Structure formats: structure tokens, C-alpha cells
Amino acid sequence: MKRFLLPLSIAALLASGGAWSNQASVGTPDLGPPQGPPINAVLTSPPNVPPPTNRHKPAKVIVRLEVIEKEMPIADGTTYTFWTFGGTVPGSFIRVRQGDTVEFHLENNPNNKMPHNIDLHGVTGPGGGAASSFTAPGHQSQFTFKALNQGIYVYHCATAPVGMHIGNGMYGLMLVEPPEGLKKVDHEYYVMQGDFYTVGKYREKGHQQFDMQKAIDEKPTYVVFNGSDGALTGDHALTAKTQQTVRLFVGNGGPNLVSSFHVIGEIFDTVRQEGGTVEQHNVQTTLIPSGGAAMVEFHTQVPGSYVLVDHSIFRAFNKGALAILKVDGPEDKSIYSGKEVDSSYLGDNAVSMQPVADAAKAAAAGTLTVPDQVAAGKTLFNGTCSACHQGNGEGLEGVFPPLAKSDFLAKLSADDLIAIPLNGHSGKLTVNGKDYDSVMPPMSQMTDDEIANILTFVLNSWGNPAGRITKEQVAKVRASTPRPAGAAH
């Protein structure tokens, strides 16, 4: 029996390497000296990936990466001072070949305030390069390493306090291709998750500061893909056509959380877990540790919007860990009968959030109008409230009361109206002559301006009496409402 098992084991081992590489059998990588003239690495900003190296010999590859501290949006109407590699979060994607000699230049922009360095997980050497790359503002450092191991590797800043540097966005990915390259696919995308810790709550407007205590307690305000809430939705969604193969290089910068990465409506044909060379097939969700990465591959068969999430699901719908892959092409009813993903599943990322951003700018300038609030409130309502109350405000008879032409809402004071979404409601009530007995959970995780805009939209829609709710009114009701320890405020 053993004489038959050995050939079968060897055959299985060879077959397992064929999905990602151009050859089923991989030879010993050439780890000798670089050949030919030096090559300047092509670096790309997320979600783009540099083209394959298409080389058969090791080379000297020069990488120049600049650290830039800059203020950027983390959500609509909310800014944050990010510390970045290359001016983006995540940092620039680096692509080299196994056996390459990499001459790495780290440049710290003279306008920066902090020293920085870099730890590349694909480097064999003290600190992954951190020990050789500590760089003050206005200076640059250089070191050289040999790319000994193929795989997809995280890089990050490792200057103390390390967690704060990573928590401000200092991470990215480096791909070390196998000598024969990766199998050709139709699309390659760069997606990286990170958790952010701000003094203000999720989507609170204005400039937000880093909150060290939240970071130490591992209680993130935001968990997002590619550096901001909605970075890969709407006009910035990933795209593909039916009958195409998509490869995602998915990283997790952390600094704290493990990602349960999932694409709603797809099964991963192949996953290289933790960025290594072992493959798993037909995977629904894959774990990506903080400071780790994975390569996932799948083929598109049915058109529609495919939602990328961290399946620790509150992170997706309440902290921002959600992206969209838009697939166009003919339907195949033998695989799926139709109907696009429902807007209540996509949440407010199913529509443009521009009205929310416009209202935030107007509020900051002191020019916020009722029409501004109505437009922003409509967007937020469609993403948060329409699943129960319906997009037309009619509700569901016997289950969820209508908001349209509601005599119940017309009788409420402003404070009582605000208290319903802010604090929730349970028990019997009568609306337009019909009885309802259901539960509305508190939505106190929403910001004051979000609740104000939603209620202003409701008051000015569907035949309701008009009116206006301000964020100051919401703040007053919130402050007057006692809440148990640990409850959302």
C-alpha cells in the first residue's frame, strides 16, 4: 500500500502549486547576484497593483518611498491627520521578484513632525529593516535586502510608540512574486483593512484627533478598508465583468483587530492564507491577522454588487469595514435568478454620500439650510431606516408604523420626536388609526447631526407638516438621557 501512497502524495503536492503560478512544478529560485541594469520599482496607490515583473532573472530593484503626514477625510465631513507611506492609506504597493536585491530608500518629508522607519515583513534582518531606516524629518535612509521568500507581506512603521504610528495609517503591502510569476488574471486589486481610534464617535464631523486610550483598550471608532469610510464604494467601487477572474491582495494593518474577510455572494476559488504558499479552495471567509495578508481569487459569473466586509459584522455596518465590487455583464439565470443586492444590505453605501458631505461643509461654514439637511437626511434614511419604514415612508402594515402623513409624528414635540430614534421605542402606539406593537432599537450610535438631518428629512417628506431639527436640539436630548455604563452615547 505504501508504494501507491507516495506517488499520490507527490502528485497532490505538485498540483497544489498550480493555481497561483505559471507552472505546476516550481524549480529552485535563483538567489544569486542581480543581473542586468538596476530597475526602478513601479509603486502604485491603492486599490491599484503594479504590473507583473515579467522577469526570469533576479535584478537590483530600487524602491523609493516617502513618508508624508497629511490631513485627509476619514469619513464625509470628518478629517484626520494620517501618517502615510507615499501619501495614501494603505501605503504604496511594492512588487518585486523572489531573488531580487532591493535597494530601499525611505524619505521623511521635511514638513513632517515625527521621525519614522519601516519594518517590512518580507525582509530577513533585524527589525525587518527598522533598525536601518530610522529617519528624521527632512532626511532619508537607505538599506539593501534580498527578497528570499515569495509571498504577500505587510510593511509598517515601527517607531515608538509603534501602535500609534500604525494606528495613524502607516502600513502597506509588498508582493514577492515566485520566480515563474503568478498566474494571469483579469483584475488584481489592493485592499487593506485598518482600525482607527478617534476622540469623536463614528462619523462625528470636524477634525478628529487620535485617542490613545481607545487604542490601548482596543475599542476602534472606525474599521475601514483603504483608509476611510466608503473608500471603495460608489464611484470608487472596484469593477469587473462577468466571466472574469479577480485576485485580491488583502492586508490587515491593524493595529489591533483580526479581520474575518468575506465577499458577500462569492466563494473564493483559491486562498493563500496568511500570504504563504499553502492554498485552500472553496473558502467562504478567511481570517487575516493583524500584521498579516492573504491572496484570494475568484471568478465572476453573475452581475451585481458584491460587498466586501469584515464579517465581524458590526464593523461592516457600524464602523465602515465595507467595500463594493461592481460586476457588469449578462445575467445567467441558471446560476442565480436575479435581483441586485438590496439597498438595506448595502446600507448607506448603496447611494452617493455626497449630500452628507455637502451638508457637513455647509454646517462648518454656518450656511446650513433646510434643503441641505433634507438631502443629507434622505441619504442617511435610505441607508439606515428604509429597511423597516420603507423608502416611501409607508412602513409595513401591522409591523412597522408609517412615517408618511403620520398623525403620531405631527403631535410630538421636538424633544419627544428626537427621543424616539435616539433612545428607541417599544410598546403599543396608534398611527393613522391603526395599532402597532413593535420595537425600535436606540440609534444612539449615530451623531447629533445625522439624527437631526434624518428627522428634518422625515418632517419635510410624504405630506408631513414640515419643520427642522438641529444638532443642538439632539445634543440637548442626548445629554438629558441617562444611559447605563457601556451604552452608546
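Residues numbered from 1 in each chain as written. Predicted model: local features only at pLDDT ≥ 70, side-chain atom pairs only at ≥ 80, totals over all residues. Heavy atoms only, no water.

A. Representation of helix H6 (residues 354-365) in the model. Along its twelve residues, H6 runs 17 Å from first to last C-alpha, staying within 8% of the 16 Å computed at 1.5 Å per residue. Buried within H6 are the following residues: Val356, Ala357, Ala359, Ala360 and Ala362. On its buried face, H6 sits against helix H7 (370-384) and helix H11 (448-459). Once H6 ends, the next one or two residues include glycine 366, with phi positive near 75 degrees. (Helix = DSSP H or I, 4+ residues; strand = E, 2+ residues; numbered from the N terminus. Expected span 1.5 Å × (residues − 1). Buried < 20%, exposed > 50% of the residue type's maximum accessible area, 1.4 Å probe, protein only. Contact = heavy atoms within 4.5 Å.)

B. A look at the nonpolar core. Formed by 29 residues in total, the largest nonpolar core has its most connected members in Phe381, Ile418, Ile454, Val458 and Ile469. Secondary-structure elements contributing two or more residues to this core are H6, H7, helix H9 (407-410), helix H10 (414-423), strand S22 (425-431), H11 and helix H12 (471-479). For this core, the element with the highest residue contribution is H11, accounting for seven residues. (Core = buried A, V, L, I, M, F, W, Y, C linked by side-chain atoms within 4.5 Å.)

C. Expanded view of H10. Taken together, the buried positions of H10 are Leu417, Ile418, Ile420, Pro421 and Leu422. As for H10, its buried residues are in contact with H9, S22, strand S23 (434-440), H11 and H12.

D. Representation of the sheet that holds strand S8 (residues 151-156) within the structure. Strand order in the open sheet formed by four strands is S4-S9-S8-S6, with mixed pairing between adjacent strands. Whereas interior strands pair on both sides, the edge strands pair on one side only; in this sheet they are strand S4 (94-97) and strand S6 (119-120). With four bridges connecting them, S4 and strand S9 (residues 171-177) associate as parallel partners. Each bridged residue has a counterpart across the sheet, and for isoleucine 94 the counterpart in S9 is methionine 174. (Pairing = 2+ DSSP bridges.)

E. Structural context of the confidence of the model for the chain. Summarising the model, the chain shows a mean pLDDT of 90, and 90% of its residues fall at 70 or more. For residues 1-19, every residue scores under 50 in pLDDT, and the model assigns this stretch twelve contacts once sequence neighbours within four places are set aside. (pLDDT = per-residue confidence, 0-100.)

F. Main features of the pattern of salt bridges. Evaluated as defined, the whole model comprises 15 salt bridges. Across the pair glutamate 107 and arginine 64 runs a salt bridge whose closest N-O atoms are separated by 4.0 Å. One end of the pair, glutamate 107, is in strand S5 (residues 101-108); the other, arginine 64, is in strand S2 (residues 60-75), with 43 residues separating them in the sequence. Look at glutamate 107 and you get partly exposed, because its relative accessible area is 24%. (Salt bridge = Lys/Arg side-chain N within 4 Å of Asp/Glu carboxyl O.)

G. Geometry of the sheet that holds strand S18 (residues 285-288). What the five strands build is an open sheet, ordered S13-S21-S20-S15-S18; its pairing is mixed. Here the strands that pair on one side only, and so sit at the sheet edges, are strand S13 (238-241) and S18. Across the sheet, the mean angle separating the axes of adjacent strands is 20 degrees when strand polarity is ignored. Two strands pair when backbone bridges link them, and strand S20 (residues 304-310) and strand S21 (residues 322-328) are joined in this way by six bridges, in the antiparallel orientation. Residue pairing in the sheet places glycine 304 in a bridge with valine 327 of S21. (Axes fitted to C-alpha atoms, helices over the stretch in contact; angles between N-to-C directions.)

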